[in-house]
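Tertiary structure, described
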Amino acid sequence: MTAVIPGDTSRSRDTAPDDDDLPVAAEELTVARTWHPWRWVISIVTLVLAAQFVHGLATNAGWDWGTFAEYFTAKSVMAALWLTIQLTFWGTLIGFAFGIALAAARLSQNPVLQVISWFYIWAFRSIPLIVQLLFWFNIAYLYQTLSLGIPFGPAFFTFNVNSVISGSTAAIIGLALHQAAYSAEIVRAGIISVDQGQLEAAAALGIPRRREFFKIVLPQAMRGILPNAANEVISLFKGTSIVSVMAIAELFYQVQVIYGRSGRVVPMLMVATVWYIILTSLLSVVQFYVERHYAKGALRTVPLTPIQQVRAKLAALPLSPRGATR
């Protein structure tokens, strides 16, 4: 190959370029394939271990799948499962409603509300849930009657605590108040994550505060609130098993009663486990679609649903009508 000196015009224009100077087409390039042998080894070992686990589930007589099938949809188990769902629903609804109020109090300019909300969150996050539940379950030892009337004045209505706060009611109160402390911090974190410049721009445009909150702050805050809030709901759903110490017939307590009578510990624990997995999976599905709804303003294209992903892959196949080349 002839070296070309800058400014040298002695080289003839009609001189044919060397092979090194010719451009190479992209399809003529040889691409060396990168091999990852350890990736395949790890995949094979993982599949073998998974196959052994599944084989053990199917062949080990200790799992006693016959007893599992007998009690999985038993009337007592379904009633306990419904009670678990009710405890989760009311604990979540009341807890997040109260948590939103606590978050608003912490973000307000009122120092009294700030201190009270901070103290509440500090106290209820410091006390274990089981202690709170037992406290509300035994609240009648402290207050035999409750009265409604003028503060430090006459009472208009008086009723017995035992007749009003039952075991299930005490469980809902304990779960909701405990949940409120955590949901308040989740909501507050989501709100303060919104860029303050957008609020200043909304104020400069004269947008009312109510519309500013629901149209600007809330949609952006929900993107940060939803993942943590969904985790709290799932934790609360599984945490309802703690109310078994109060002899409330929720799912885990009912399973304990059955295997205490029949001695079939493992299959009954599997009954509870599978129901927890099913309902947790349903909550995860709801979380996915809610997050997908609030992602519309942040992403150019929202994530595909599982059904849409399957359709897209089928359409991309060479044999499919849509993916076939003409």
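Reading the values: the criteria
- Residues numbered from 1 in each chain as written.
- Predicted model: local features only at pLDDT ≥ 70, side-chain atom pairs only at ≥ 80, totals over all residues.
- Heavy atoms only, no water.
- UniProt positions renumbered as here; feature names shortened; annotations may be inferred.
- Helix = DSSP H or I, 4+ residues; strand = E, 2+ residues; numbered from the N terminus.
- Core = buried A, V, L, I, M, F, W, Y, C linked by side-chain atoms within 4.5 Å.
- Buried < 20%, exposed > 50% of the residue type's maximum accessible area, 1.4 Å probe, protein only.
- 1 Å grid on protein atoms, 1.4 Å probe; cavity = no way out; pocket = protein on both sides within 12 Å on 5 of 7 lines; lining within 4 Å.
- Points joined across faces, edges and corners; volume = space filled by probe spheres on them.
- Nonpolar A, V, L, I, M, F, W, Y, C, P; charged D, E, K, R; others polar.
- Salt bridge = Lys/Arg side-chain N within 4 Å of Asp/Glu carboxyl O.
- Lys, Arg positive; Asp, Glu negative; His and termini not counted.
- Polar contact = N/O pair within 3.5 Å; in protein donor to acceptor, adjacent residues only side chain to side chain.
- Contact = heavy atoms within 4.5 Å.

As annotated in an unreviewed UniProt entry, the protein chain is Polar amino acid transport system permease protein from Williamsia maris. Looking at the protein chain in UniProt, the text filed under Sequence similarities (unreviewed entry) is "Belongs to the binding-protein-dependent transport system permease family." Annotation of the protein chain in UniProt includes, under Subcellular location (unreviewed entry), the sentence "Cell membrane".

What to know about the UniProt feature "transmembrane region" (unreviewed entry) in the protein chain
Per the UniProt entry, the sites bearing "transmembrane region" (unreviewed entry) are residues 40-59, 79-105, 117-143, 155-177, 233-253 and 265-290 in this numbering. Across residues 40-59 one finds 100% helix and 0% strand; the C-alpha atoms that close the span lie 28 Å apart. For residues 233-253, the end-to-end C-alpha separation is 20 Å, with 48% helix and 0% strand making up the annotated structure.

Concerning the nonpolar core
Core analysis: the largest hydrophobic core is formed by 17 residues, its most contacted members being Y71, V77, L251, M268, V271 and W275. Broken down by secondary-structure element, the contributors of at least two residues to this core are α2 (65-72), α3 (75-107), α10 (251-262) and α11 (265-294). Per-element tally for this core: the top contributor is α11, with 7 residues.

Some words on the environment of L175
Within the secondary structure, L175 sits in helix α7 (residues 167-192). For the pair formed by L175 and G95, sequence separation is 80 residues and the distance between their alpha carbons is 7.6 Å.

A short note on the layout of surface pockets
If you add up the space inside the largest pocket, you get close to 1100 Å³. Considering the residues around the largest pocket, the lining is formed by 38 residues, among which I100, V187, L218, M222 and I225 are closest to the centre. Examining the composition of the lining of the largest pocket, we find that 14 residues originate from one element, helix α9 (residues 209-239), more than from any other. For the lining of the largest pocket, the residue count by class is 30 nonpolar, 4 polar and 4 charged.

Looking at unusual backbone geometry
Although it is not a glycine, D64 sits at a positive phi angle of roughly 50°. Within the fold, D64 resides in the loop between α1 (37-59) and α2. Of the residues examined, D64 reaches a relative accessible area of 18% and is grouped as buried. Located in the positive-phi region is A247, a residue other than glycine, with phi close to 60°.

Observations concerning the pattern of salt bridges
Applying the stated criterion across every chain yields a total of 3 salt bridges. Residues E185 and R106 are paired through a salt bridge, measuring 3.0 Å at the closest nitrogen-oxygen approach. Of the two residues, E185 sits in helix α7 while R106 sits in helix α3, which places them 79 residues apart along the sequence. The partly exposed category is assigned to R106, whose relative accessible area is 24%. Salt bridges here are not isolated pairs; linked through shared partners, they connect R106, E185 and R188.

Points about the side chain of E250
Residue position: E250 is located in the loop between α9 and α10. Summary of buried charges: E250 has no salt-bridge partner, and the nearest side chain of opposite charge, K238, is 13 Å away. For E250, the side chain forms a polar contact with the main-chain nitrogen of Y253, separated by 2.7 Å. With residues near it in sequence (within four places) discarded, E250 still touches A80, L83, T84, L87, T240, S241, V243, S244 and Y276.

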